[in-house]
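# Examination of the molecular architecture
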Amino acid sequence: MNNNKPYLINFPKIGAPSLGYISLAEKSNLPFTPKRIYWTYFTPEGVNRGGHSHFQLEQILVAVAGKITIITELKDGTKQEFFLDSPDVGLYIPKMCWRTMKYTHNAVQICIASIEYDEVDYIRDYNDFLNY
Ligand code: TYD
């Protein structure tokens, strides 16, 4: 996979409608070794989250419940919109990628992150992102 741009990852989906499902992220289907996992929930509809880029952090976002709309922008100006509404699909977001997210109120987003939390890794000013 080209880890310079966002792409969707299809995780395994084990089970059946009669039983329910398990999806999993492991070495064979992850582009990095996770260092941190966090989750986002109860985001009011209409709120834009994100609004930042990262120097080093790579992430995979999964809508384990509800729906998430994500807009990504790379430094070359490439903008994409992604829609997550399935617990077996994740969005890979590379480093140096501006992103904003909107959630349905019932959405629960799991984030699989490549590095530990460090505010110094954030670029929170859009012009700084463009000019870096
Ligand atoms: P932020 O990454 O800006 O959230 P989002 O991209 O979802 O809008 O983080 C929001 C706040 O939470 C910010 O004050 C930093 C804090 N935070 C941590 O302390 N640890 C973490 O691992 C994360 C992801 C955020």
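A brief structural summary.

How each quantity is defined
- Residues numbered from 1 in each chain as written.
- Predicted model: local features only at pLDDT ≥ 70, side-chain atom pairs only at ≥ 80, totals over all residues.
- Heavy atoms only, no water.
- Helix = DSSP H or I, 4+ residues; strand = E, 2+ residues; numbered from the N terminus.
- Rg over C-alpha atoms; globule rule 2.2 N^0.38 Å.
- Buried < 20%, exposed > 50% of the residue type's maximum accessible area, 1.4 Å probe, protein only.
- Areas by Shrake-Rupley, 256 points an atom, 1.4 Å probe, with all protein chains shown as cover.
- Lys, Arg positive; Asp, Glu negative; His and termini not counted.
- Charge placed at Lys NZ, Arg CZ, Asp CG, Glu CD.
- Contact = heavy atoms within 4.5 Å.
- Polar contact = N/O pair within 3.5 Å; in protein donor to acceptor, adjacent residues only side chain to side chain.
- Near = heavy atom within 4 Å.
- Nonpolar A, V, L, I, M, F, W, Y, C, P; charged D, E, K, R; others polar.
- Pairing = 2+ DSSP bridges.
- Axes fitted to C-alpha atoms, helices over the stretch in contact; angles between N-to-C directions.

### Thoughts on the overall build of the chain
Of regular secondary structure, the chain possesses one helix and 12 strands. Written out in order from the N terminus, the α and β elements of the chain read β-β-β-β-β-β-β-β-β-β-β-β-α. Against the compact-globule benchmark of 14 Å for 132 residues, the chain has a radius of gyration of 15 Å, which places it among compact chains. Seen along its three principal axes, the alpha-carbon backbone of the chain occupies a region of about 55 × 35 × 25 Å. When the 132 residues of the chain are sorted by exposure, 39% land in the buried category. Within the structure as shown, the chain displays about 7,800 Å² of accessible surface, and the carbon and sulfur contribution to it stands at 53%. Charge-centre separation for the chain: the mean point of 13 positive side chains lies 2 Å from the mean point of 14 negative side chains.

### Regarding the environment of histidine 52
Among the structural elements, histidine 52 can be located in strand β5 (residues 49–54). Put simply, histidine 52 and threonine 40 are 12 residues apart on the chain and 16 Å apart in space, counted from C-alpha to C-alpha. In this view, histidine 52 contacts Cys97, Trp98, Arg99, Tyr122, Ile123 and Arg124; residues no more than four positions away in its chain are not counted. A polar contact of 3.2 Å, which involves the side chain of histidine 52, links it to the side chain of histidine 54.

### Details of the site of the ligand
Near the ligand the following residues occur: Arg36, Tyr38, Arg49, Gly50, His52, Met101, Tyr117, Tyr122 and Arg124. Measuring from an oxygen atom of the ligand, one finds a side-chain N or O atom of arginine 49 at 3.0 Å. When the ligand is considered free in solution it has 530 Å² of accessible area, and contact with the protein chains removes 64% of it. Contributions of two or more residues to the shell around the ligand are made by β4 (36–41) and β5. No other element matches β5, which puts three residues into the shell around the ligand. For the shell around the ligand, a count of residues per class yields four nonpolar, two polar and three charged.

### Topic: the environment of proline 6
Structurally, proline 6 can be placed in the segment before β1 (7–10). Taking C-alpha positions, proline 6 is 6.8 Å from leucine 91, a pair spaced 85 residues apart along the chain.

### Notes on the sheet that holds strand β6 (residues 59–65)
With respect to topology, five strands assemble into an open sheet ordered β1-β9-β6-β11-β4, the strand pairing being antiparallel. Of all strands in the sheet, those bounded by a partner on one side alone are β1 and β4. Neighbour-to-neighbour, the strand axes of the sheet open up by a mean angle of 25°, direction not taken into account.

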